[in-house]
Amino acid sequence: MRKLEADVVVIGGGSTGAGVVRDVAMRGFKAVLVDRVDLAQGTSGRFHGLLHSGGRYVVSDPHSATECAEENEILKRIQADAIEPTGGYFVATPTDDPEYGDRFKTGAEATGVPVNEVSIAELLRREPRVNPKATRAFETLDGSVDGWQLVWGAAHSAEQYGAKILTYHRVTKIERQGDTVSAVICTDDKTGETVQIGCSFVLNCAAAWGGQVAAMADCHGVEVVPGAGIMIAMNHRLVNTPVNRLTYPADGDIIVPVHTVSIIGTTDQKAEDPDRLQISYEEVQQMMDCGEQLVPGFRQSRALHAWAGARPLVKDSRVSATDTRHMSRGMSIIDHSERDGLKGLLTIAGGKLTTYRLMAKKVVDAMCEQLGEQRECRTADEVVPGSEKHTFYSVSHRLHDREEDRLSEQILCECELLTKKMFTDLQDEQPLATFDDLRRQLRLGMGPCQGGFCSVRATGVSHDRGKIDIERATGLLRLFLRNRWIGLWPILNGDQVRQTALDDWIFEGTLDIGHLPQPAEEVLR
Ligand SMILES: Cc1cc2nc3c(=O)[nH]c(=O)nc-3n(C[C@H](O)[C@H](O)[C@H](O)COP(=O)(O)OP(=O)(O)OC[C@H]3O[C@@H](n4cnc5c(N)ncnc54)[C@H](O)[C@@H]3O)c2cc1C
């Protein structure tokens, strides 16, 4: 058994855990973060990509609206490289009640969310594809945020303050001595080794899995309800800014431009198990219909990929157990010393990716209070590594870089202008990473061809460098393609069938993928 020591163990490497480990490390604690898989592979990698201005909540959840507005400003200051500051619009389509706009305006004033009513002509000048029959429009400070970039940025910042980040470390037990937490036991899923991390405090940031993790410390009955939502990426940037319906939050009412694509979402249904989220044909059709309302002709573009994420909603006694749309999106902190008589364990869940830094501050403040320590939070003041130049990203940032200094480099993925060097540099930094791990950080295979060409090149490059043998190389390719398929099945319609057939011909016809040298066991991680 491998043994480590820390003051604080953070469980969960989504946005909340990454924010928490950064905050803990910046306050001078020796910290370790563990996640059962890669960073931001839970909900933080399966969300809509909206940097909230607060506009969405000015009527339904005023407190969250104010938090979003404040954090929107802070994140733009400290994490510019994860944000495209597009601005956004709330638009009343012909079927929406234009009077909701008055409630929206009053709510925005009351919550401090900056909004500005604009003419339909101005809206259409900025967003020419939006429904020309719209009756009202408000401009907001919504933006587009790259969850992986944000989470890795916070994690790198924590590492600079001495924190250890352990991915593929699955927590199986939280040990206690008497009434106090004493260690976290994990399995290193890459090596099979058991790891014991001695500590005096555990911060449970496992979100939709938070109840399972609390139970590992014998704190039973923590109800985090997975509120599942689906999203679909379309093959174009149909809008240049996030466009919301000007209505009380409902299904399928936002389109967000994220890098080269735009994403329609989302639904909200209670799920039983956050690891088994379903995407039904009906939900896909519902999203496509909702897209048509905002952008007529939406269905004529090609759906690229569908996925689902689970909102970690702490059960609220005021609403029915199945009504996840109306459960609070606010954050909840559970103090297990009060609830279960166990000192040194706090669970945090809820909130939004946009408010991740604030969530971290609140839970680390609560930890310091329990420890009787006075240590100030500084996460709003210091810029995260990668954002030192305060340069926001834009849809053309890779094209710009390529024209500046990368013209001599081989392109691995044309859709996302990913160069061979970007790929091999990260592979050197993270030699055990799968192609999916690299995808999340580099956007490999995330454009219109969904890996049809670049996955084969990535395999060839990886093997050619002599660092992995042929069996592992093909094993990684097969794993990558299997995972891409999960998001393709639900949307196999129209043009997507043609693209998928082309990919299949490439893999079967030119590569004979079914007969490549096989690893003795299927590569899973
Ligand atoms: C459909 C949908 C759309 C959304 N859209 C937006 C949006 O546009 N903007 C916005 O601001 N917010 C949005 N949200 C909310 C936001 O995505 C989440 O609130 C946020 O990502 C939650 O982050 P987290 O770190 O708390 O959870 P997660 O990212 O789920 O992290 C929890 C982590 O715990 C790990 N874990 C679980 N069990 C264990 C274990 N035993 N051992 C070790 N690790 C473990 C998991 O692997 C996971 O990485 C959306 C949510 C959903 C579901």
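Definitions and cut-offs
- Position numbers for residues count from 1 along each chain, tracking the sequence in the order it is written.
- Local features in this predicted model are restricted to residues of pLDDT 70 or higher, and side-chain atom pairs are both shown and tallied only at a pLDDT of 80 or more, whereas totals for entire chains, interfaces and linings draw on every residue.
- Water and hydrogen atoms play no part in the side-chain values, which are based on all heavy atoms of the structure.
- Whether a residue is near a molecule or strand is decided by its heavy atoms; if any one of them lies within 4 Å of it, the residue is near.
- For this analysis, a polar contact is any N or O atom pair within 3.5 Å, provided that within protein one partner can donate a hydrogen and the other can accept it, and provided that sequence-adjacent residues contribute only side-chain to side-chain pairs.
- Note on areas: Shrake-Rupley, 1.4 Å probe, and residue coverage restricted to the protein chains presented here.
- Numbering of helices and strands runs from the N terminus; a helix is a DSSP stretch of H or I covering at least four residues, while a strand is a stretch of E covering at least two.
- Three residue categories are used. Nonpolar comprises Ala, Val, Leu, Ile, Met, Phe, Trp, Tyr, Cys and Pro, charged comprises Asp, Glu, Lys and Arg, and polar comprises the others, including Gly.
- Two strands make a pair as long as DSSP finds a minimum of two bridges between them.
- Helix axes use the C-alpha atoms of the stretch in contact, all axes being lines fitted to C-alpha atoms, and the angles between their N-to-C directions lie in the range 0 to 180 degrees.
- Stacked, tilted and edge-to-face are the three classes assigned to paired rings of Phe, Tyr and Trp, where Trp is represented by its six-membered ring and a pair needs centres within 6.5 Å; plane angles under 30 degrees give stacked, over 60 edge-to-face, the rest tilted.
- Exposure is judged per residue with a 1.4 Å probe applied to protein chains only, and the accessible area is read against the type maximum: over 50% gives exposed, under 20% gives buried, and values in between give partly exposed.
- Two conditions define a charge sitting above a ring: the NZ of Lys or the CZ of Arg must be within 6 Å of the ring centre, and it must be within 35 degrees of the ring normal.
- Between the first and last residue of a helix there are one fewer steps than residues, each counted as 1.5 Å, and that sum is the expected span.
- Just so you know, the domain bounds were taken from an automatic or database domain assignment.
- Here a residue-residue contact requires only that any non-hydrogen atoms of the pair lie within 4.5 Å.
- The term buried area refers to how much accessible surface (probe radius 1.4 Å) is lost by two components on association, counted for both of them together.
- Salt bridges are defined as contacts in which a side-chain nitrogen from Lys or Arg sits within 4 Å of a carboxyl oxygen from Asp or Glu.

Caption draft 1: Expanded view of the site of the ligand. Taken together, 35 residues surround the ligand, and among them Thr-16, Asp-35, Ser-44, Leu-50 and Thr-354 come closest. Interatomic distance of 2.9 Å between a backbone N/O atom of Thr-43 and an oxygen atom of the ligand. In this structure, Gly-351 approaches the ligand through a main-chain N or O atom, which is 3.3 Å from an oxygen atom. Here the ligand has 1,000 Å² of accessible area as a free molecule, and 97% of this is covered by the chains. Elements with a minimum of two residues in the shell around the ligand: helix H1 (15-26), strand S11 (169-177), strand S15 (224-234) and strand S20 (303-314). Class assignment for the residues of the shell around the ligand results in 13 nonpolar, 17 polar and five charged.

Caption draft 2: Inspection of the sheet that holds strand S13 (residues 194-198) at higher detail. Across the sheet, four strands lie side by side as S1-S13-S12-S11; this open sheet has mixed pairing. Of all strands in the sheet, those with a lone pairing partner are strand S1 (2-5) and S11, marking the two edges. Between one strand axis and the next, the sheet turns by 25° as a mean value, whatever way the strands run. Taken together, the eight bridges between S11 and strand S12 (residues 180-188) define a ladder with antiparallel strand orientation.

Caption draft 3: Region of the structure containing the packing of aromatic side chains. Scanning the entire structure with this criterion turns up four aromatic pairs. Taken together, a centroid distance of 5.1 Å and an interplanar angle of 55° make the contact between Phe-104 and Phe-138 tilted. With Phe-104 in helix H3 (residues 100-111) and Phe-138 in strand S8 (residues 136-140), the pair connects residues that are 34 residues apart, well separated along the chain. For the pair Phe-104 and Phe-138, a shared accessibility class is recorded, and that class is buried. On the basis of an interplanar angle of 40° and a centroid distance of 4.9 Å, the ring pair of Trp-485 and Trp-489 is categorised as tilted. Note on Trp-485: relative accessible area 29%, which makes it partly exposed. Overall, Trp-489 belongs to the exposed group, its relative accessible area being 59%. Here a set of aromatic residues connected by ring pairs shows up, and it is made of Phe-90, Phe-104 and Phe-138. Against the face of Tyr-168 rests Lys-190, its NZ or CZ located 4.3 Å from the ring centre.

Caption draft 4: Structural detail: H1. Along its 12 residues, H1 runs 16 Å from first to last C-alpha, staying within 8% of the 16 Å computed at 1.5 Å per residue. With 12 of its 12 residues buried, H1 lies for the most part within the structure. Looking at H1, one finds that the buried residues are Ser-15, Thr-16, Gly-17, Ala-18, Gly-19, Val-20, Val-21, Arg-22, Asp-23, Val-24, Ala-25 and Met-26. Phi turns positive, to about 90°, at Gly-28, one or two residues after H1.

Caption draft 5: Representation of the domain arrangement of the protein within the structure. Here the protein is partitioned into domain 1 (82-142 + 226-312) and domain 2 (397-515). A straight line from the C-alpha centre of domain 1 to that of domain 2 covers 29 Å. Each side of the interface is counted separately: domain 1 has 15 residues, and domain 2 has 17 residues. Counting the surface lost from both domain 1 and domain 2, the interface buries some 1,300 Å², and carbon and sulfur atoms represent 55% of this. Summed over the three residues of domain 1 that lose the most area to domain 2, namely Arg-302, Leu-304 and His-305, the buried surface amounts to 45% of that side. Viewed at the interface, domain 2 and domain 1 are joined by zero salt bridges. In this structure, the connection of domain 1 to domain 2 is made through five residue pairs in polar contact (both at pLDDT 80 or more). Elements represented by at least two residues in the side of domain 1 that touches domain 2 include exactly helix H7 (281-294) and S20. In terms of residue count, the dominant contributor to the side of domain 1 that touches domain 2 is S20 (four residues). For the side of domain 1 that touches domain 2, the class distribution of residues is nine nonpolar, five polar and one charged.

Caption draft 6: Structural context of the pairing of strand S14 (residues 201-204). Residues Phe-201 and Leu-203 line one face of S14 and the alternating positions Val-202 and Asn-204 line the opposite face, and both faces are buried. Pairing analysis gives three bridges linking S14 to strand S22 (residues 345-350), with the strands arranged parallel. When the bridges of S22 are listed, Leu-203 appears paired with Leu-346.

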